[in-house]
Amino acid sequence: MAFPVLSTYRLQLRGPSSGFGFTFSDAENILEYLDSLGVSHLYLSPILTAAHGSSHGYDVTDPTTVSAELGGADGLARLSAAARARGMGVIVDIVPNHVGIDKPQQNIWWWDVLRYGRNSVYAAYFDVDWELDEDGRIVLPLLGSDADVADLKVDGELLTLGDLALPIAPGTGSGTGAEVHDRQHYRLVGWRRGVCGYRRFFSITSLAGLRQEDDTVFEVTHAEVARWFSEGLVDGVRIDHPDGLSDPSGYLCRLRELLGPKAWIVIEKILAADEALDPTLPVAGTTGYDVLREVGGLFIDPDGAPQLSALVETSGLHYHAMAAMLAGLKIQAATDTLASELRRLRRKIVAAAGADHPLLPEAVAALLTHIGVYRCDYPSLAAIMPTALAETSSAAPELAPALQVIATALAQGQEPDTRLQQLCGAVTAKASEDCYFYRDARLVSLNEVGGEPHRFGVDAAEFHHRAATRARLWPQTMTTLTTHDTKRGEDVRARIGVLSQVPSLWSEFVGRVETQAPSPDPATGQFLWQNIFGVWPVSGEVGDKLRDRLHAYSEKAIREAAWHTSWNDPNTAFEQAVHRWLDIVLDGPAAEELTKLVTQLNPHATSDALGQKLLALTVPGVPDIYQGTELWDDSLVDPDNRREVDYAIRRDALNALQHPKIRVTTTALRLRRARPDSFLHGDYIPVLASGDASDHIVAFRRADDILVAVTRWTVRLQDTGWGNTAIPLPEGTWTDTLTGAVADGKTSAAVLFADLPVALLERS
C-alpha cells in the first residue's frame, strides 16, 4: 500500500567501510523518532552497490543489486516493512547518468569493456568515444604522464602501475608492460593532456556516463528499481542529474511508464531564476533548489547591496565586472577543463554540417556563455538557442561563419545537438557552482546551487507569485533548504544573510580583523570571513573538530576558486599561508571580535532560520528535512554535511519541545499530516499586513484553514518595534499551533509574535 508523500526526511546512508556506517538497520532504529517528528517518508541516498568505502553512494558500480554493505535486498525489505507498519513510506535516490569506475575491478561492466573492447557485451552500455584513438581504443587519462607507460608491469592477467590494475585481453599478455599495453583495447595517457575516451560526469574521470537511450541499458539498470515498485517497497524516486542524459525528456517518459502513474518522481533539475520547469515532463517536480533560492532570498535586505558591493571592491574586484568573470570561467571550462568533450563535439558538428571552421571551438564556447540554463532543448525553452546564436554573433561578429556551421549541424537534431546540450550543463556547473560561487564574496549565502548571486534577494511580490504558480502547476514538487550538495547548511546561510541588514557593521568588522589578521589575499579573505562568521559558535569556544573542519573547508574553497591554487596544480605556499592565517584568526584577537559580532547578530539569525524553516515546510510542495537539520546545524559543503548525526539528542529535544527549531519543524509536519488536502491541494493566497512595519511580515493562507506568518529584517525592527502593524485574520477563530495562542480578526503583530518570530495558525 502506497502512502501519500506529505514530507520527506533525507538520510545519507553509508557502509561501515567508509569510516562510520549508517545502514538500513540504523535507519530502522530511528523510525519511531521520525514518525513522532511527523515525517511521512524516508528519503534514502543511493542504495545500489557503490564503490567500496563510498561515503555517498553516487559512484554506483553495480546498478543491478542493493548494496550489501547497507544491508542488501533483505535489509531494504525490512526497513520498508517497518516503515509501512507505521504508516510511512520510502523514497530512493537513483543515479541513471553514470557509474563509478575508479576501481575498475569493482565494476564488472567496465572491466569487461576494458578487456574485450568493442567486442564486449557491455560496449554499448557506456558513452565511449571510439573514434578518439586511431586504433579504436578507449583513451584512459590515468597516468601522471604518457612516459609512465614504460613503468607498467604484467601481473598475471593484470596490467599494473602502483595501485592501478587493468585487465589484459586474452592472448595478449606476453612481453613487457609497455608491449602488452600496446595490444590492449585501451590506451593509457597522462591526465594533463586533457583527453578522455568516454563521457564523464562533468570532468570527474572516475564516473563514466551510461547510454540510457539504449533500450537494453535502460532495462538492465532499472530492473532492480522496477522490482522495488512491483513489490511495494518504495513509493518514489529522486533522479540524479537527468540533464546529463542524451534525452532527459524521453528518459523520464520511459521511467514513468516503468514505475506507473502513482510513483512520486522528482528530478535534480537545477533551474535558472527565470527558467520554468517544462510542463510536459511526467514528474512531480524538482528537488527544490528553486524554492531554496526563493525562501532564503526573502530574508535578504536589498538595502545592503550597495555597501556590500563596495566592500568587495576594496579587495580589488569590481562587482559590475563579475558577469564578465563568469563568462570567462565558462569559456575556460569549455576549452580547458572539458576540452576533450569540446573536441568530440567539434568532430560531430563538422560531420553533420559537412563543413568546418577554424574558430569553431571558440564559437561553441562563446555560444555557451549566452545560454543561462543547464540545457535548452526542452520544448518550453525552444527560444533560447536562436537567441543565444544571435547574441553571440552580435557580440563577436568574427564568429558568425562558425556559428552558421553550428546551426547547420543543430538543424538536423541528432548527435551534435545532444552533445552540445550535455556540454552546456557541464560547463555551467564547472564555471558557476564549482568556481564562481567560491569567488563572489558580496554575500556568500546567495552562492548556492540554483542561486544567482547577482540577484540580491527575492522580493515579497516575486515570492508570492512563484508560490501561487507552484501551487497550481507543481503542488507536489519537493521543497528544501539543505541537501547533500548545498554549499552551506540552512542555518549557516541564515546567519550570513543577516549581514545584508548590517552592511556598515560588517564592513567595519572586516576592516578591523584584517588589521589584526591580514588575509593572504583580500578577495579570498572576504570570502572566508563570511563563512567563518557563519559557523562561529556563540560561546566563542573553538574546539579541535571545528578547527579541522574550517581548515578542510578553506582548502577546498581556495582550490575551487582556482585563483591562486587548484586541485590540479596546488600552490603549496599559498595554501600554507591560508592555513597559518586561519590559525591566527582562531587563536588571536580576531576570535574575540567574531564572538562579539555573533553574539550581537545571532538572535536575528535565529529568527531568519526559523522563518525560512517554517516557509519551506508550508509553501506549496513537499518539504524535505535534511538529516539533523531539525536542530541548529552548522554544516558547510560536502563532506562536512555528511557528518554523523546524534539522534539521541534529537529524541530528547523532540520530547522536551523547548528547542525552537524542532518545535517549528514537528508542529508543521504534524499539521501537514492532520490536514493533507490543505497542503497538497490547497490554494496559496498572500495575506497582506498593515501598518508601519508591514514590510517585515510575509504571510499567506493555505486553503481556507491554515495561515502562515514570518518576520524578517529584524535588525531594523529592533529599533522601531511593531507599532501599529497588524495582520487581518480571515473570519473565524485561529489558534497558533506553535504557542496555543488564540486570535481572531485584525491581530497586532506584537501579540502574534510575542513568543516566536513565526506563527502557524489553524482555523478552529
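Residue positions are counted from 1 within each chain, in the order its sequence is given. A pLDDT threshold of at least 70 governs which residues receive local features in this predicted model, and a stricter bar of 80 or more applies before side-chain atom pairs are shown or counted, although totals over entire chains, interfaces and linings include all residues. Note that water and hydrogens are dropped before the side-chain values are worked out from all heavy atoms of the structure.

1. Re the overall build of the protein chain
Thinking step 1. Put simply, DSSP marks the helices as runs of H or I at least four residues long and the strands as runs of E at least two long, and each gets a number from the N terminus on. Helix and strand counts for the protein chain stand at 27 helices and 26 strands.
Thinking step 2. Within these notes, the globule rule equals 2.2 Å times the number of residues to the 0.38 power, and the radius of gyration is based on C-alpha atoms. In terms of overall dimensions, the protein chain is globule-like: its C-alpha atoms have a radius of gyration of 27 Å, near the 27 Å expected for 764 residues.
Thinking step 3. Looking at the protein chain as a whole, 61% of its 764 residues are labelled buried.
Thinking step 4. What makes two residues a contact is simply this: any of their non-hydrogen atoms within 4.5 Å. Considering only intrachain contacts with a sequence separation of at least 6, the fraction spanning at least 24 residues in the protein chain is 73%.
Thinking step 5. For accessible areas, the Shrake-Rupley method is used with a probe of radius 1.4 Å. Any residue's cover is judged against the shown protein chains and nothing else. Here the protein chain has roughly 28,000 Å² of accessible surface; of this, 52% comes from carbon and sulfur atoms.
Thinking step 6. Distance between charge centroids for the protein chain: 1 Å, based on 68 positive and 100 negative side chains. The buried label applies to any residue whose accessible area, calculated with a 1.4 Å probe on protein chains only, is under 20% of its type's maximum; exposed applies above 50%, and partly exposed to all values in between. Positive residues here are Lys and Arg, negative ones are Asp and Glu, while His and the chain termini are left out of the count. To locate a charge, the coordinates of NZ of Lys, CZ of Arg, CG of Asp or CD of Glu are taken.

2. Some remarks on the domain arrangement of the protein chain
Thinking step 1. Annotation of the protein chain at the domain level lists domain 1 (8–97 + 212–268), domain 2 (104–209) and domain 3 (318–438).
Thinking step 2. Taking only C-alpha atoms into account, the centre of domain 2 sits 30 Å from that of domain 3.
Thinking step 3. The interface is formed by 13 residues belonging to domain 2 together with 15 residues belonging to domain 3.
Thinking step 4. Summed over both partners, buried area is the accessible surface (1.4 Å probe) that two parts give up on being assembled. Taking both partners together, domain 2 and domain 3 bury about 1,100 Å²; carbon and sulfur atoms supply 38% of that area.
Thinking step 5. Salt bridge, as used here: a side-chain nitrogen of Lys or Arg that lies within 4 Å of a carboxyl oxygen of Asp or Glu. Counting across the domain 2 and domain 3 interface gives 7 salt bridges.
Thinking step 6. Within 3.5 Å is the distance limit for a polar contact, defined as a pair of N or O atoms, with the added protein rule that one can donate a hydrogen and the other accept it, and that residues adjacent in sequence qualify only through two side-chain atoms. For the pair domain 2 and domain 3, the number of links is 9 residue pairs in polar contact (both at pLDDT 80 or more).
Thinking step 7. In terms of residue class, the side of domain 2 that touches domain 3 is built from 5 nonpolar, 2 polar and 6 charged. The domain boundaries here were taken from an automatic or database domain assignment. Residues are grouped as follows: nonpolar covers Ala, Val, Leu, Ile, Met, Phe, Trp, Tyr, Cys and Pro; charged covers Asp, Glu, Lys and Arg; every other residue, Gly included, is treated as polar.

3. Here's the deal with the layout of surface pockets
Thinking step 1. Within this model, the second largest pocket holds a volume of roughly 900 Å³.
Thinking step 2. As defined here, a cavity is a set of points on a 1 Å grid over the protein atoms alone where a 1.4 Å probe fits but cannot get out. A pocket is an open set with protein on both sides within 12 Å along at least five of seven lines, and residues line them when an atom is within 4 Å of a point. Lining the second largest pocket we find 36 residues, and of these Arg-549, Trp-632, Asp-633, Asp-634 and Arg-643 sit closest to its centre.
Thinking step 3. Within the residue set of the lining of the second largest pocket, elements represented by two or more residues are helix 17 (490–497), helix 19 (522–535), helix 20 (544–561), helix 22 (589–618) and helix 23 (647–656).
Thinking step 4. Taken together, the residues of the lining of the second largest pocket sort by class into 14 nonpolar, 8 polar and 14 charged. Grid points are joined across faces, edges and corners, and a volume is the space filled by probe spheres set on the points.

4. Re the nonpolar core
Thinking step 1. In this structure, Leu-11, Leu-42, Leu-44, Trp-228 and Leu-615 are the most contacted members of the largest nonpolar core, which totals 130 residues.
Thinking step 2. For this core, the leading source of residues is helix 12 (residues 360–369), giving 7 residues.
Thinking step 3. Ignoring anything within four residues of it in the chain, the contact list for Trp-228 reads Ile-47, Leu-48, Val-66, Leu-76, Val-92, Ile-94, Leu-233 and Val-234.
Thinking step 4. We define the nonpolar core as a collection of buried residues of types Ala, Val, Leu, Ile, Met, Phe, Trp, Tyr and Cys that are connected through side-chain atoms lying within 4.5 Å of one another. In this structure, Leu-443, Trp-536, Leu-550 and Leu-636 belong to the second largest nonpolar core, which totals 49 residues.

5. Thoughts on the sheet that holds strand 15 (residues 264–267)
Thinking step 1. Strand order in the open sheet made by the 8 strands is 16-15-14-5-2-1-18-17, with parallel pairing throughout. Edge strands, defined here as strands with exactly one partner in the open sheet, are strand 16 (285–286) and strand 17 (478–479).
Thinking step 2. Two strands are counted as paired when DSSP detects at least two bridges linking them. Here strand 14 (residues 236–239) pairs with strand 15 via 4 bridges, running parallel. For Arg-238, the partnering residue across the bridge sits in strand 15 and is Val-266.
Thinking step 3. Note on geometry: axes are C-alpha line fits, over the in-contact stretch for helices, and angles between N-to-C directions span 0 to 180 degrees. Helix 6 (residues 215–230) contacts strand 5 (89–94) and strand 14 of the sheet and is inclined by roughly 170° relative to strand 5.

6. Observations regarding the environment of Trp-228
Thinking step 1. Here Trp-228 is to be found in helix 6.
Thinking step 2. The exposure class assigned to Trp-228 is buried, which follows from its relative accessible area of 0%.
Thinking step 3. Residues Trp-228 and Ala-668, 440 residues apart in the sequence, show an inter-C-alpha distance of 30 Å.

7. Some points on the sheet that holds strand 13 (residues 204–209)
Thinking step 1. Sheet architecture is open: 3 strands sit in the order 6-13-12, paired in antiparallel fashion. The open sheet terminates on both sides in strands that have one partner only, identified here as strand 6 (98–100) and strand 12 (200–201).
Thinking step 2. Where strand 6 and strand 13 come together, 3 bridges link them in antiparallel fashion. Within strand 13, the residue paired with Val-99 across the bridge is Ala-208.

8. Description of the packing of aromatic side chains
Thinking step 1. Each aromatic pair joins two rings of Phe, Tyr and Trp (for Trp, the six-membered one) with centres within 6.5 Å, and gets the label stacked for planes under 30 degrees apart, edge-to-face for over 60, and tilted for any other angle. In total, this model carries 18 aromatic pairs according to the counting rule given.
Thinking step 2. Where Phe-22 meets Tyr-647, the ring centres are 6.2 Å apart and the plane angle is 40°; that geometry is what we call tilted. Of this pair, Phe-22 sits in the loop between strand 1 (8–11) and helix 1 (24–29) while Tyr-647 sits in helix 23; the two residues are 625 residues apart in sequence, bridging distant segments of the chain. The residues Phe-22 and Tyr-647 share a single accessibility class, namely buried.
Thinking step 3. Taken together, Trp-506, Phe-509, Trp-529, Phe-533 and Trp-581 form an aromatic cluster joined through their ring pairs.
Thinking step 4. Look at NZ for Lys and CZ for Arg. If either is within 6 Å of the ring centre and within 35 degrees of the ring normal, a charge sits over the ring. The side chain of Arg-14 reaches across the aromatic face of Phe-20, ending 4.0 Å from its centre.
Thinking step 5. The ring of Phe-533 carries the charged tip of Arg-495 above its face, separated from the ring centre by 5.9 Å.

9. A closer look at helix 8 (residues 289–297)
Thinking step 1. Among the 9 residues that make up helix 8, 8 are buried, leaving the element largely enclosed by the rest of the structure.
Thinking step 2. Those residues of helix 8 hidden inside the fold are in contact with strand 16, helix 16 (460–473), strand 17, helix 17 and helix 22.

10. Some thoughts on the pattern of salt bridges
Thinking step 1. For the coordinates displayed, the defined rule picks out 61 salt bridges.
Thinking step 2. Between Lys-661 and Glu-490 there is a salt bridge whose closest N-O contact spans 2.9 Å. Taken as a pair, Lys-661 in helix 24 (residues 660–674) and Glu-490 in helix 17 lie far apart in primary sequence, 171 residues in all. Accessibility assignment for this pair places Lys-661 and Glu-490 in one class, buried.
Thinking step 3. Taking the shortest distance from any N to any O, the salt bridge between Arg-716 and Asp-695 comes out at 3.9 Å. Taken together, the residues Arg-716 in helix 26 (residues 714–720) and Asp-695 in the loop between strand 19 (684–687) and strand 20 (697–702) connect sequence positions 21 residues apart.
Thinking step 4. Take Asp-695: its relative accessible area is 32%, and that puts it in the partly exposed class.
Thinking step 5. Residues participating in the shared-partner salt-bridge network are Asp-127, Asp-129, Glu-131, Arg-199, Arg-344, Arg-347, Lys-348, Glu-415 and Arg-419.

11. Quick look at the pairing of strand 15
Thinking step 1. Alternating residues of strand 15 divide into Trp-264 and Val-266 and Ile-265 and Ile-267, and every residue in both groups is buried.
Thinking step 2. Viewed with both strands pointing away, a crossover whose connecting path from the first strand over the helix to the second turns clockwise is right-handed. Crossover connection from strand 14 via helix 7 (residues 248–259) to parallel strand 15: handedness right-handed.

12. Observations regarding helix 22
Thinking step 1. Given a helix with a known number of residues, its expected span is that number minus one, times 1.5 Å. For helix 22, which comprises 30 residues, the first-to-last C-alpha distance of 43 Å matches the rise-based estimate of 44 Å (1.5 Å per residue) to within 8%.
Thinking step 2. The angle between axes fitted to the seven residues ending at a residue and the seven residues starting there is what we call the bend at that residue. When the local axis directions of helix 22 are compared, the greatest deviation, roughly 50°, occurs at Leu-601, which is followed within four positions by the proline Pro-603.
Thinking step 3. Judged by how many residues are buried, helix 22 sits mostly within the fold: 23 of 30 residues are covered.

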